[in-house]
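# Report on the structure
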Amino acid sequence: MRFLKANLLTGLNCIAGIASVAGILLFIFSDKTNAIIALTALFVFLAIILAIILIAIVQFLKKEHNSDCIKSCVFTTFETLDSTRCVFETYRVIQNKRLILNNVDQNFKWSGSKMPIISSECQSVKSIISNDSNHYDKAILQFKRPLLYNEIGLTHFKAELDDHDNKAKPHLDFRVDSVIPVVHYRVILRHKPETFNKSAKFLRKPIDSKTPLEYIEIGSIPFDAITKSYTYNLIDPEPGYYYRILWEK
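Residues numbered from 1 in each chain as written. Predicted model: local features only at pLDDT ≥ 70, side-chain atom pairs only at ≥ 80, totals over all residues. Heavy atoms only, no water.

The next thing to look at is the overall build of the protein. Helix and strand content of the protein: 2 helices and 13 strands. Buried positions account for 33% of the 249 residues belonging to the protein. Expressed as a percentage of contacts within the protein between residues at least 6 apart in sequence, the contacts between residues at least 24 apart total 73%. As presented, the protein carries roughly 15,200 Å² of accessible surface, and 59% of it is formed by carbon and sulfur atoms. (Helix = DSSP H or I, 4+ residues; strand = E, 2+ residues; numbered from the N terminus. Buried < 20%, exposed > 50% of the residue type's maximum accessible area, 1.4 Å probe, protein only. Contact = heavy atoms within 4.5 Å. Areas by Shrake-Rupley, 256 points an atom, 1.4 Å probe, with all protein chains shown as cover.)

What follows is the structure in structure tokens.
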């Protein structure tokens, strides 16, 4: 609101100048011309006021919310189809914190050597940005219909993965940088033999540590031999950490 107060006076001074010029012109031109000038001045006045209000609202929303949206819950699945082919999917329920939200970023990093095939059932994939090994890659997902302020929406991200050279690492990470009620993990290992029954490790490490740190084990997840999967609900995780499920490849 400070921005609105600071700029409203400037806007009003500008409008006052326009009105003064319009007043002078009213004495020079005909009545019809006077009416056109008056209407034009009115439209300019309204446009300036509206622009000042909109800019103030946008600045206020950016100050109140660092990110474009709030994540309400996340459902993420990693599934092996065989020993080399895998699928990663994540659904996110989000709440828009901008006036209008046209697209949303989905960060990802596949530890294999081949870039995944990216798609979405809910959005169109506008672009994919590939970065070095120390930074996340990014998919920009465009909504079919933009979300308005405070509107809730669902995003979907799918990556078809190829580990033909066996370089991928057997873990699933999630970055928690803000408050989120729940993150649901599911890891399905269809290629495992019937005798496999080893628990997975659940680990975490700080996001913004000044020195490189290893993940610290904070729990374990039993393997369901019937469904060949690990399932875990991370409830109210502490922000500021990467949370990881690590299993035996």
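From this point, the discussion proceeds with the structure in view.
Our next topic: the packing of aromatic side chains. Using the criterion set out here, one finds 9 aromatic pairs in the structure. Consider the rings of Phe-196 and Phe-223, whose centres lie 4.9 Å apart with planes at 85 degrees: the pair is edge-to-face. Placement of Phe-196 in the loop between β9 (182-189) and β10 (200-206) and of Phe-223 in the loop between β11 (216-221) and β12 (229-235) is noted, with a sequence separation of 27 residues between them. Judged by relative accessible area, Phe-223 falls into the buried class, the value being 8%. An aromatic cluster is built from Tyr-185, Phe-202, Tyr-232, Tyr-241 and Tyr-243, whose rings are joined through pairwise contacts. Above the face of the Phe-196 ring, Lys-192 is positioned so that its terminal group lies 4.4 Å from the ring centre. Positioned above the aromatic ring of Tyr-241, the side-chain terminus of Arg-204 is 3.8 Å from the ring centre. (Phe/Tyr/Trp six-rings, centres within 6.5 Å; stacked < 30°, edge-to-face > 60°. Lys NZ or Arg CZ within 6 Å of the ring centre and 35° of its normal.)

The next thing to look at is the pairing of β10. Pairing analysis gives 5 bridges linking β10 to β11, with the strands arranged antiparallel. Bridge pairing in β11 places Lys-201 opposite Ser-220. Looking at chain direction, β10 and strand β13 (residues 241-246) are connected through 6 bridges and run antiparallel. Its bridge partner lying in β13, Pro-206 is registered against Tyr-241. (Pairing = 2+ DSSP bridges.)

What follows deals with the pattern of salt bridges. Counting across every chain of the model gives 12 salt bridges. In this structure, Glu-79 and Arg-190 form a salt bridge, with 2.3 Å as the shortest nitrogen-oxygen distance. Here Arg-190 lies in the loop between β9 and β10 and Glu-79 lies in strand β1 (residues 69-80), a separation of 111 residues in the sequence. Glu-79 sits in the buried class, given a relative accessible area of 18%. According to the relative accessible area criterion, Arg-190 is partly exposed, its value standing at 48%. A salt bridge links Arg-204 to Glu-238; its shortest N-O distance comes to 3.3 Å. Taken together, the positions of Arg-204 in strand β10 and Glu-238 in the loop between β12 and β13 put the pair 34 residues apart, joining distant regions of the chain. By relative accessible area, which is 43% here, Glu-238 ends up partly exposed. (Salt bridge = Lys/Arg side-chain N within 4 Å of Asp/Glu carboxyl O.)

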